[in-house]
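# Summary of the model geometry
Here is how the chains run, residue by residue.
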Amino acid sequence: MPDLSAKLLFKKPAPRWLLVVGLIFAASATPASSGAHSSQTQPPAPRVVELQAADGTMLKGSYFGAAKPGPGVLLFHQSNRPRQSWDEVARQLAAAGINTLTLDMRGFGESGGTPNTKLTDAEREKVRAMRPGDVDTAFQYLVSQPGVKRDVIGVGGAGEFGVGRSVEVARQHSAEVKSLVLLSGETLQDGLQFLRQASQLPGLFVVADDDEYPPTVEAMEWLYISSSSPGKKFVHYSAAQDAPWIWYETSDASKVPAKGGHGTDMFKPHPELPGIIVDWLVTTLIKTPGHAPADALASAAILNQLWTSEGVARVKQQLMEARRRDPQVQLWPEVNVDIIGEDHVREGESEREAGQLREAKMEIDTAIEIFKLNLLAYPDSADAHYNLADAYLKNGQKDLARQYAEKALAMIDSHKAPLSSWSDTEQRRAEIRSGAQQTLKKLTN
């Protein structure tokens, strides 16, 4: 392998424990006005709308229309906040080309109905039975608006109140809903079962340790685990100590003082979070509708199989079966399998230097099978072609090494696709181009 120091520094052997499912990690900061949606045409001003529920109750909402036709998003508030808690996100979504409706549920905010805090238990049960109809009224309003692509819809919610509504909308309108955003909540058994079956529904799950309604972290981890989508992401804001349990989530703000760790309250202490949400919805509704990049945590069970003797064959079969259901699905991040293959290459080189030629060949053979698997998943990656060329060269398979090195160079020079799914900088393009050229030079010597 060429002395590509930057590549080797990045692809140093990954500790095995990194490939085991882990749910607690810090969210990477994403600017609230990233390039994905910073240069959009200015959308019209939001307008307050009144929606009439089946029993005549008037529900208030805010509609943030985009400047041109695009997807739609429906956002639900948590029980101790009104719809305005989503305004910042809604404005950014509209600027990014996503029409957004926020809604005050009955008994909350400016919507009609007896305030939730003044209802008796019996009255709450009656109201609870009306909410699915109220939610569907909002959904039908959103998809009926001019310019809304009614078959590309995202749904987001905060708290148990908003998360439950969001999952229910996705379950009732599974053909139209292409993305979920869930903050600090939980859902019931029907919702969990739906997430287990909805393998093609990407979801963003967000929670903070200082949530004032424990055990919300555990509930969100369970939601994440329950989701069968390979395109899911878990954003976990860590704290030195978990918040103590005080009371269940309630619409009575006097019972539990807000700490900034619950639902949309997280926007203030974590100002990058609205941008993370907007970028997620831009990706899953505009760039690649219904799809998100595969995440290492979500792919941990698959990645760990690659360390077993029959793992590559099993994972290949899983990929082929998943592609029959969804030709665009990705079951793992390209770079993770790249790292695993590189680990075998380095181990093979060490074995060869130690004079253990049989063991060295076994390691390189394994690397080749892993790189071939990655190329099957990412056929447009010049990086994946180069990795396979380099491994073939080390295995003495010169014709195949030349074939894949030439293909990598042709792809880099054509600029028809990014260098790889994870990097497309000029520096990395130059790095991989140099590596492929050195491979071809060695083949002519």
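See the structure shown above.
Just so it is clear, the model here is predicted, and its values are computed rather than measured.

A count of helical and extended segments in the chain gives 14 helices and eight strands. A compact globule built from 445 residues would reach a C-alpha radius of gyration of about 22 Å, and the chain, at 25 Å, matches this within 12%. Expressed as a percentage of the 445 residues in the chain, the buried residues total 54%. When the accessible area of the chain is evaluated, it comes to approximately 20000 Å², of which 53% is carbon and sulfur surface. Averaging the positions of the 48 positive and the 55 negative side-chain charges in the chain gives two centres separated by 4 Å.

With that out of the way, let us pick up the side chain of N374. Note on placement: N374 falls in helix 11 (residues 357-377). On the accessibility criterion, N374 (2% relative accessible area) is buried.

This part covers the packing of aromatic side chains. Tallied over the full model, the rule gives nine aromatic pairs. Aromatic pair W86 and F267: ring centres 5.8 Å apart, planes at 65°, arrangement edge-to-face. Of the two residues, W86 sits in the loop between strand 3 (70-76) and helix 2 (87-95) while F267 sits in the loop between strand 8 (232-237) and helix 7 (273-287), which places them 181 residues apart along the sequence. Since its relative accessible area comes to 8%, F267 is described here as buried.

Read from one edge of the open sheet, eight strands run 1-2-4-3-5-6-7-8, paired in mixed fashion. Taken across any chain shown, the strands that pair with only one partner, and hence form the sheet edges, are strand 1 (47-52) and strand 8. The sheet shows a mean angle of 20° between the axes of neighbouring strands, taken without regard to direction. Contacts from helix 7 reach strand 3, strand 5 (148-158), strand 6 (177-183), strand 7 (203-208) and strand 8 within the one sheet, and its direction differs from that of strand 6 by about 165°.

The next subject is the pairing of strand 7. With six of six residues buried, strand 7 lies mostly within the body of the structure. Both faces of strand 7 are covered, namely the face carrying G203, F205 and V207 and the face carrying L204, V206 and A208. Note on the crossover from strand 6 through helix 5 (residues 189-197) to strand 7: the handedness is right-handed. Of the pairings in the sheet, the one linking strand 7 to strand 8 comprises six bridges and is parallel in character. By the bridge assignment for strand 8, F205 is matched with F234. Following the chain from strand 7 across helix 6 (residues 216-226) to the adjacent parallel strand 8, one finds a crossover that is right-handed.

A few words now on a nonpolar patch on the surface. Among the surface-exposed residues, W245, I246, W247 and Y248 lie close enough to one another that they form a single nonpolar patch of about 460 Å² accessible area. Its place among the elements puts I246 in the loop between strand 8 and helix 7.

Looking now at the nonpolar core. Core analysis: the biggest nonpolar cluster contains 41 residues, and F76, L101, L182 and L223 have the highest contact counts within it. Broken down by element, this core gets its largest block of residues, six residues, from helix 3 (residues 121-144). The residues touching F76, leaving out its near neighbours within four places in the chain, are W86, L103, M105, V135, V155, G156, G157, A158, G162, R165, S166 and V169. If you look at the next biggest cluster of nonpolar residues, it comprises 27 residues, including F267, I276, I277 and L281.

This brings us to the environment of G154. Inspection of the secondary structure assignment puts G154 in strand 5. Judged by its relative accessible area of 0%, G154 is buried. Leaving out residues up to four positions away in the same chain, G154 has contacts with G72, V73, L74, S179 and L285.

Reading the values: the criteria
Residues numbered from 1 in each chain as written. Predicted model: local features only at pLDDT ≥ 70, side-chain atom pairs only at ≥ 80, totals over all residues. Heavy atoms only, no water. Helix = DSSP H or I, 4+ residues; strand = E, 2+ residues; numbered from the N terminus. Rg over C-alpha atoms; globule rule 2.2 N^0.38 Å. Buried < 20%, exposed > 50% of the residue type's maximum accessible area, 1.4 Å probe, protein only. Areas by Shrake-Rupley, 256 points an atom, 1.4 Å probe, with all protein chains shown as cover. Lys, Arg positive; Asp, Glu negative; His and termini not counted. Charge placed at Lys NZ, Arg CZ, Asp CG, Glu CD. Phe/Tyr/Trp six-rings, centres within 6.5 Å; stacked < 30°, edge-to-face > 60°. Pairing = 2+ DSSP bridges. Axes fitted to C-alpha atoms, helices over the stretch in contact; angles between N-to-C directions. Contact = heavy atoms within 4.5 Å. Right-handed = clockwise from strand over helix to strand, strands pointing away. Patch = residues over 30% accessible without salt bridge, like charges linked within 9 Å, V, L, I, M, F, W, Y side chains within 5 Å. Salt bridge = Lys/Arg side-chain N within 4 Å of Asp/Glu carboxyl O. Core = buried A, V, L, I, M, F, W, Y, C linked by side-chain atoms within 4.5 Å.

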